[in-house]
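Spelled out from the first residue to the last, the chains are:
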Amino acid sequence: MGRLEAYPTLLQTNHLGQANPVAKKTHVSTTVNNEPAEFLCEPRESLLEVLRDTLKLTGAKEGCNNGNCGACTVLLNDVPVNSCLVLGVEAEGASIETVEGMACEGHLHPLQQCFLEGAALQCGICTPGFLVTAKALLDKNPTPSEHDIRFNLANNLCRCTGYDKIVKAVQEAAKELAAK
Amino acid sequence: MSTEDLYLGKKSYSVLGQRPVRHDGADKVTGKAVYTSDLQLPNMAQGRIIRSPHAHAKIKSIYTAAALKLPGVLAVVTGEDWPNLEEKFAIMGEAGAVNLHHLANNCLAKGKVVYKGHAVAAVAATTLAIAEEAARLIKVEYEILPSVTWVLDAMKPDAPILLPSLRTDSMGKKGTEPTNIATHIQFEQGNIAEGFKQADVIVEREFRTASVHQGYIEPHVSVALWNEDNRLKIWTSTQGSFNCRQQVSELLQVPVSQVVVVPCEIGGGFGGKITVYLEPVAALLSRRCGRPVKLSMQRNEVFEGTGPTPGSYAKVKIGVKKDGTITAGEAWLAYDCGAFPGGVIGPGAMCVFSCYEFPNAKVDGYDVLDNKPHTQAYRAPGATQAAFACEQVIDELAAKLKMDPIEFRLKNAAKEGTRRVDGPVYPRVGFIETLKAAQNSDHWKSKLTGKNRGRGIASGFWFNIGGASSCSASVNDDGSVTLVEGSTDIGGTRTSVAMQLAETLGITAQDVRPQVGDTDSVGYTFLTGGSRVTFATGLAAYKLGLDLQEQMKQRAAALWDVESAAVKVENGKYSSNGKSLTFKELAGKIPGAKLDPVVGRASVSPEGSTNGFGTHICDVEVDPETGKVTILRYTAIQDAGKAVHPSYVEGQMQGGSVQGIGWALNEEYFFDDQSRMKNASFLDYRMPTSLDVPMIETIIVEVPNPSHPFGVRGVGETPIVPPPATVANAIHAATGLRFTELPMSPPKVWKALSTK
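Residues numbered from 1 in each chain as written. Chains lettered and ligands numbered in written order. Predicted model: local features only at pLDDT ≥ 70, side-chain atom pairs only at ≥ 80, totals over all residues. Heavy atoms only, no water.

Asker: Talk me through the overall build of chain B; I want residue IDs and the actual numbers.
Answerer: If you tally the helices and strands in chain B, you get 21 helices and 33 strands. For 756 residues, the compact-globule formula gives about 27 Å, and the C-alpha radius of gyration of chain B, at 27 Å, lands near that figure. Reported as C-alpha extents along the three principal axes, the dimensions of chain B are approximately 85 × 75 × 50 Å. Per-residue burial over chain B gives 65% buried out of 756 residues. Here the contacts in chain B between residues at least 6 apart in sequence split such that 79% fall between residues at least 24 apart. Accessible surface, chain B as shown: approximately 25,800 Å² in total, 49% of it carbon and sulfur. Here chain B contributes 78 positively and 79 negatively charged side chains, and the mean placements of these two sets differ by 2 Å. (Helix = DSSP H or I, 4+ residues; strand = E, 2+ residues; numbered from the N terminus. Rg over C-alpha atoms; globule rule 2.2 N^0.38 Å. Buried < 20%, exposed > 50% of the residue type's maximum accessible area, 1.4 Å probe, protein only. Contact = heavy atoms within 4.5 Å. Areas by Shrake-Rupley, 256 points an atom, 1.4 Å probe, with all protein chains shown as cover. Lys, Arg positive; Asp, Glu negative; His and termini not counted. Charge placed at Lys NZ, Arg CZ, Asp CG, Glu CD.)

Encoded structure:
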């Protein structure tokens with residue numbers, strides 16, 4: 001099913017009564033990676049589409065467009081969400097964090113560093129989603145058990161690694177963050 | 001090249017065996033890496049594919065006028081837009097030779113659709129929303145035909161026929177009747193009747209496996225720009241940029257010189273991104289509208305329209321003497337190939353008995369069409385289904401003989417000199433070493449206690465193919481080396497190839513800056529598949545290193561005014577008559593001394609196949625209330641030859657194991673009575689998540705490959721071969737029941753346990 005078919009009521013019609021997929025746009029003010037951001041979006045547009053196509057933040061990936069794979073995970077007011085399941089207009093007044101915001105002042109976040117050193121990525125398409133989900137976990141629970149990590153990361157699919165090195169990288173990052 | 005001194009890992013290395021951070025790592029953990037879907041080109045149009053809702057139907061008409069009238073729609077194409085393709089063939093790596101007429105029809109159907117999700121038309125528009133709306137306005141009229149999705153049903157004489165012109169090719173002889181059986185192959189050695197006569201114990205079992213998908217997280221996506229000068233540029237997610245160029249050029253009947261393929265980062269492939277789907281269609285749309293066109297699939301299109309691996313049926317019979325010696329084996333394998341001929345029965349038939357000495361053996365294999373997407377390679381294509389069958393029979397025989405399953409395997413293990421049933425004789429291989437490592441592992445020695453628990457073991461084999469690889473490099477004045485290679489990088493091969501160049505030159509891995517070139521920037525390189533890149537492109541990098549080293553010697557000689565032969569090189573240090581310079585120091589002197597820049601290149605095309613063996617151990621707990629199988633502990637053991645970057649070797653073993661566990665326990669295509677896939681989403685297809693599996697322990701065995709200077713073997717595919725059999729053997733140990741059908745999903749396990 002295409003995106004439009006999923007939301008038939010959002011289709012606008014033109015003066016001839018034909019479906020007109022170019023709908024009226026809404027102005028949205030939000031914060032992305034601690035910087036103010038404004039954009040115009042159609043009511044049917046997902047936050048993922050806005051991030052990737054309008055704000056040109058292509059770190060979040062589309063793997064399924066129905067909330068199953070987690071490759072598009074971003075933080076919405078500190079909560080990890082599948083940005084393909086959030087509408088762009090819902091970002092009004094919110095604070096959004098994406099993978100692009102994790103490294104600061106030329107330094108990788110410990111999670112990013114541990115993913116690199118622990119070879120926790122192969123093709124890399126799922127990596128941004130895993131990093132964002134893992135950051136949300138460690139922000140909330142700095143000393144997660146292996147089960148806590150596996151439970152939280154179960155929102156994100158990886159087909160290359162078998163998860164072993166991802167889980168270990170999160171464990172390592174937790175240790176590093178605790179030592180800081 | 002002399003390789004004697006490499007045997008059994010005697011040689012020590014300074015770069016190989018280290019675990020440097022991968023060169024493309026920072027891009028990939030910060031969201032900067034550019035995958036095809038991240039591309040934004042000026043004036044780029046967006047496309048959508050219109051797909052068949054029916055599994056088998058004649059296309060009576062395609063009505064496009066309404067779509068073309070929608071404002072913003074730029075172009076519509078259908079199967080009628082293909083050039084006239086005679087019966088032409090292209091070589092497509094592991095998938096073998098492909099009929100271009102079939103390949104074109106698979107990308108955009110002409111006349112008839114043969115599976116649900118088969119592409120029938122494509123539209124390009126100024127935005128994706130308009131393209132989607134236009135797609136809804138394209139009306140296709142179908143005449144529905146009967147369909148079939150199970151391989152044995154498709155072989156019946158009264159089965160619905162997919163390709164009326166198809167006749168069975170049975171070892172070179174063409175059949176006379178319409179059929180869905182595309183090919184019948186047979187391998188034979190010795191005399192099986194005699195062999196079974198010598199046997200004291202014979203076990204014969206039947207096995208069935210469901211279709212499963214490669215499950216890469218990145219859907220297929222391509223951008224094409226067919227320019228007014230007739231040059232066609234394609235950015236795409238592909239496992240082989242040159243293979244893609246060849247397919248596109250032949251499908252569109254333009255010379256390869258007019259096509260350039262730019263491989264973007266690839267979000268997984270596992271064999272499923274070798275054939276083209278979107279590339280030539282995006283090109284047709286681009287030619288029509290004069291703009292770059294991006295075509296991408298939604299997840300349901302990936303499941304319904306791209307390559308699963310075959311559903312299969314296998315009957316395997318093995319005879320042994322009381323002392324455990326195998327006397328004979330017979331296998332009858334039928335694999336479906338989906339809607340077009342040319343599946344993976346060949347490697348399946350080669351692999352079924354490949355782990356053991358079979359003095360007498362016969363294998364029959366059938367390639368069978370049915371109404372599913374055309375099957376594609378999936379990590380050791382064909383071998384996992386075969387191992388699921390053979391390794392369970394082996395397990396049962398060992399139990400009948402009251403022999404330890406590792407001892408039984410050791411008694412019959414393939415080794416140097418063993419002749420595989422399809423002909424080749426093994427050079428030095430490391431199967432026995434993996435079995436011994438299993439025997440000595442913590443896992444095997446540990447005690448497993450508790451109700452409903454069991455431990456299983458199984459082995460597997462896969463080839464590492466050779467094929468052409470090219471690379472080139474230049475030495476910078478800071479002593480770094482810029483490497484351009486043609487192998488698209490799916491899982492860290494930039495680094496494993498760069499490390500082999502660094503080892504050859506005596507510099508560090510970080511001194512090499514590898515990049516993957518497009519088809520205009522590097523020499524021909526065969527696809528990323530067949531576990532070949534670290535082996536074959538690594539071999540090219542080694543040769544390239546020798547070329548650079550020779551040139552560096554010449555520069556040192558010019559600097560010191562001596563003969564080149566008087567310059568000695570050791571561990572990256574160049575010396576002559578008491579003078580000495582490191583690689584870096586020498587590189588720094590080249591511009592100042594006005595010496596020629598150092599630019600090197602190498603290409604190789606190693607023939608034949610080297611061999612990778614693995615043995616896996618698994619502990620399971622079976623819940624009798626629900627039929628759910630939990631993996632408690634899992635260990636993968638594999639001969640890697642020389643593990644170039646051990647972390648990424650482990651990663652291949654762990655990733656392959658978990659894909660195999662998914663195949664064993666959950667994954668399958670469900671079809672309704674109209675042959676339509678009913679679970680075309682990640683939620684319903686249900687691949688393993690982090691919560692479904694434990695840590696995957698790994699043991700790397702290093703028995704150097706005699707046909708590589710560093711002893712490297714490919715490692716990518718073997719790890720998916722043993723898991724379903726390993727898990728099945730473990731479930732048998734836990735329950736006493738033999739599961740002969742994949743997946744061993746909770747409903748099946750529960751049913752078997754509750755009727756026990």
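Asker: Tell me about the overall build of chain A, and name the residues and values.
Answerer: Along chain A, the regular secondary structure elements total six helices and seven strands. Taken from N to C terminus, the helices and strands of chain A fall in the order α-β-β-β-β-α-β-β-β-α-α-α-α. The 180 residues of chain A split such that 56% are buried. Here the analysis covers contacts within chain A between residues at least 6 apart in sequence; of these, 53% occur between residues at least 24 apart. Summed over all atoms, the accessible surface of chain A reaches about 7,700 Å², with 51% contributed by carbon and sulfur.

Asker: Explain unusual backbone geometry to me, and be specific about the residues and the numbers.
Answerer: The bulk of non-glycine residues show a negative phi, and the bulk of peptide bonds are trans. All names here are of chain B. The residue after L742, namely P743, is reached through a cis peptide bond having omega -5 degrees. Positionally, P743 belongs in the loop between β33 (741-742) and α21 (746-754). With a phi close to 55 degrees, K402 is a non-glycine residue in the positive phi region. Examined against the element boundaries, K402 turns out to sit in the loop between α11 (383-400) and α12 (405-412).

Asker: Quick one: what's the story with α11 of chain B, residue by residue and with numbers?
Answerer: Residues and elements named next belong to chain B. Here α11 contains 18 residues, and its C-alpha end-to-end distance of 25 Å stays within 8% of the 26 Å for a straight helix at 1.5 Å per residue. Of all 18 residues making up α11, 16 are buried, and the element is well covered by its neighbours. Positioned one or two residues after α11, K402 has a phi angle of 55 degrees, which is positive. (Expected span 1.5 Å × (residues − 1).)

Asker: Give me helix α3 (residues 110-117) of chain A: which residues, what numbers.
Answerer: The element α3 of chain A is extensively covered by neighbouring structure, given that six of its eight residues are classed as buried. Taken as a whole, α3 of chain A has its buried residues at P110, L111, Q112, C114, F115 and L116 of chain A. Next to the buried residues of α3 of chain A lie α4 (127-140) and α6 (164-179) of chain A together with α1 (25-29) of chain B. A119 of chain A, located one to two residues past α3 of chain A, shows a positive phi value of around 55 degrees.

Asker: How would you sum up the environment of I59 of chain B? Please name residues and give values.
Answerer: Residues and elements named next belong to chain B. Within the secondary structure, I59 is located in strand β2 (residues 57-63). I59 sits 81 residues away from V140 along the chain, and the two C-alpha atoms are 7.1 Å apart. When neighbours within four sequence positions are excluded, I59 is seen to be in contact with A109, G111, K112, V113, V120, V140, E141 and Y142.

Asker: Tell me about the domain arrangement of chain A, and please be specific about residues and values.
Answerer: All names here are of chain A. Domain assignment breaks chain A into domain 1 (3-101) and domain 2 (110-179). Contact residues are listed per partner, giving 15 residues for domain 1 and twelve residues for domain 2. Both faces considered, domain 1 and domain 2 share a buried interface measuring about 1,000 Å² in area, 61% of it formed by carbon and sulfur atoms. Applying the counting rule to domain 1 against domain 2 returns one salt bridge. (Domains from an automatic or database assignment. Buried area = accessible area lost by both parts, 1.4 Å probe. Salt bridge = Lys/Arg side-chain N within 4 Å of Asp/Glu carboxyl O.)

Asker: Quick rundown of the domain arrangement of chain B? Include the residues and the values.
Answerer: All names here are of chain B. Each assigned domain of chain B is listed with its residue range as follows: domain 1 (15-33 + 468-604) and domain 2 (402-466 + 608-754). Each of domain 1 and domain 2 was reduced to a C-alpha centroid, and the two centroids are 36 Å apart. The interface of domain 1 with domain 2 comprises 25 residues on the first partner and 24 residues on the second. Where domain 1 abuts domain 2, roughly 1,900 Å² becomes buried across the two surfaces, and 64% of that area is made up of carbon and sulfur atoms. Summed over the three residues of domain 1 that lose the most area to domain 2, namely R19, S531 and F535, the buried surface amounts to 35% of that side. Linking domain 1 with domain 2 are one salt bridge. A salt bridge links E650 to R19, with the shortest nitrogen-to-oxygen separation between them at 3.2 Å. Elements that contribute at least two residues to the side of domain 1 that touches domain 2 include exactly α15 (493-505) and α16 (533-560).

Asker: Which residues make up the sheet that holds strand β23 (residues 469-475) of chain B, and what are the values?
Answerer: All names here are of chain B. Here we have four strands laid out as an open sheet, ordered β25-β24-β23-β29, and mixed in their pairing. Taken across any chain shown, the strands that pair with only one partner, and hence form the sheet edges, are β25 (512-516) and β29 (599-604). Here the average twist between neighbouring strands, direction ignored, is 20 degrees. Examined bridge by bridge, strand β24 (residues 481-485) and β25 share five bridges and lie parallel to one another. (Pairing = 2+ DSSP bridges. Axes fitted to C-alpha atoms, helices over the stretch in contact; angles between N-to-C directions.)

Asker: Which residues make up the interface of chain B and chain A, and what values do they have?
Answerer: At the junction of the two partners, chain B supplies 60 residues and chain A supplies 57 residues. Together, the buried faces of chain B and chain A total about 4,800 Å²; carbon and sulfur atoms form 58% of this surface. Linking chain B with chain A are four salt bridges. Between E667 of chain B and R159 of chain A there is a salt bridge, and its shortest N-O distance comes to 2.8 Å. Applying the counting rule to chain B against chain A returns 27 residue pairs in polar contact (both at pLDDT 80 or more). Elements with a contribution of two residues or more to the side of chain B that touches chain A: α1, α4 (128-137), α9 (299-305), α18 (646-665) and α19 (682-685) of chain B. No other element matches α18 of chain B, which puts nine residues into the side of chain B that touches chain A. For the side of chain B that touches chain A, the per-class residue count stands at 27 nonpolar, 23 polar and ten charged. (Polar contact = N/O pair within 3.5 Å; in protein donor to acceptor, adjacent residues only side chain to side chain. Nonpolar A, V, L, I, M, F, W, Y, C, P; charged D, E, K, R; others polar.)

Asker: Tell me about the packing of α4 of chain A against α6 of chain A, residues and numbers included.
Answerer: All names here are of chain A. Between α4 and α6, the shortest axis-to-axis distance is 11 Å and the interhelical angle comes to 40 degrees. Comparing the axis directions of α4 and α6 gives the class oblique. In this structure, α4 crosses over α6, and the sense of that crossing is right-handed. Across the interface between the two elements, F130, A134 and L138 of α4 pack against I166, V170, A173, A174 and L177 of α6. (Parallel < 35°, antiparallel > 145°, perpendicular 65-115°, else oblique. Left-handed = near helix turned anticlockwise from the far one by under 90°.)

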